[in-house]
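Structural overview for review
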Amino acid sequence: MNSNDGQRHVRPASESDIDYIWAIDSSATKKFGSIPALADLAASEESPEKFESWLNQGRVYLVEERDAPVGFVAAHEVNDVLHINEIGVHEDHQGKGIGALLLQAIFEWGQDIARQNNRDVARVSLTTYADVAWNGPWYKKHGFRKVEGELVGPWHAEEAKQDVQNLARPGYRRCFMLWEKKVVGG
Ligand SMILES: CC(C)(COP(=O)(O)OP(=O)(O)OC[C@H]1O[C@@H](n2cnc3c(N)ncnc32)[C@H](O)[C@@H]1OP(=O)(O)O)[C@@H](O)C(=O)NCCC(=O)NCCS
């Protein structure tokens, strides 16, 4: 979890980081502005309550580069599965491996949870756009595969259904994805 290449550092966020998370989220989602059918996502205004709820229900990790927060990932545990609420990297810092570092923090947390609960397999889930280059294909590159939410459990089935209702746009399918890893010492 203490990933560090000398200039980058991953750390858990707290309430005092909400302004940073908010700023990164606003900047990251601008990426969707390049796709007309998804441009409304880039323009949507978020409220601090959303970020507070992420901290209350689970954890948010930040990547700092030269001590400045540049990326975040929020996740929480549901029925033995770590579900990613959101991941975002500031637009000026995308494509440099910061997203990969954030996913690594989540994978490590997921494996810790599995070991603590004596489970053989760590599981991480999320919902995303199936065909947007930096969504479905990017997660696939990091070991996620598309599955039906129903296969994971009732909460995930409902989450997948709500996600489609809220975020599917003409020509842009949503999908549910799962990462699984056998845990040594689980
Ligand atoms: C998804 C996101 C967090 C990835 O963060 P990142 O720091 O850019 O990720 P990385 O640098 O680790 O990996 C980017 C890789 O994606 C792939 N990719 C393909 N098309 C891409 C594109 N148009 N833009 C960016 N990456 C692309 C590349 O393989 C790239 O790797 P490379 O730089 O080695 O070639 C970032 O793009 C982001 O904040 N997007 C907007 C918010 C979002 O979509 N969140 C996910 C919601 S489900």
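Residues numbered from 1 in each chain as written. Predicted model: local features only at pLDDT ≥ 70, side-chain atom pairs only at ≥ 80, totals over all residues. Heavy atoms only, no water.

A few words on the site of the ligand. The full set close to the ligand counts 21 residues, and Gly 95, Gly 97, Gly 99, Trp 138 and Lys 141 are the nearest of them. Taking Gly 99, its main chain carries an N or O atom lying 2.8 Å from an oxygen atom of the ligand. Trp 134 is positioned with one of its side-chain polar atoms (N or O) 3.2 Å from an oxygen atom of the ligand. Every element with two or more residues in the shell around the ligand is listed here: β4 (81-89), α4 (98-116), β5 (121-129) and α5 (136-141). (Near = heavy atom within 4 Å. Polar contact = N/O pair within 3.5 Å; in protein donor to acceptor, adjacent residues only side chain to side chain. Helix = DSSP H or I, 4+ residues; strand = E, 2+ residues; numbered from the N terminus.)

One open sheet accounts for seven strands, arranged β1-β2-β3-β4-β5-β7-β6; its pairing is mixed. The open sheet has two edge strands, β1 (8-12) and β6 (145-147), and neither has a second partner. Between one strand axis and the next, the sheet turns through 30° on average, direction left out of account. In this structure, strand β2 (residues 59-65) lies alongside strand β3 (residues 68-78), joined through seven bridges in antiparallel fashion. The residue of β3 that forms the bridge with Glu 64 is Pro 69. This element, helix α3 (residues 48-57), spans β2, β3 and β4 of the sheet and lies at about 145° to β4. Running over the sheet, helix α6 (residues 154-167) touches β3, β4, β5 and β7 (174-182) and is turned about 145° from β7. (Pairing = 2+ DSSP bridges. Axes fitted to C-alpha atoms, helices over the stretch in contact; angles between N-to-C directions. Contact = heavy atoms within 4.5 Å.)

With that settled, the discussion passes to the environment of Gln 94. Structurally, the position occupied by Gln 94 is in the loop between β4 and α4. Sequence separation of Gln 94 and Pro 154 is 60 residues, and the distance between their C-alpha atoms is 34 Å. Dropping the residues within four chain positions of it, Gln 94 is found in contact with Ala 28, Lys 31 and Val 89. A polar side-chain atom of Gln 94 sits 2.8 Å from the main-chain carbonyl oxygen of Val 89.

By themselves these figures say nothing about function.
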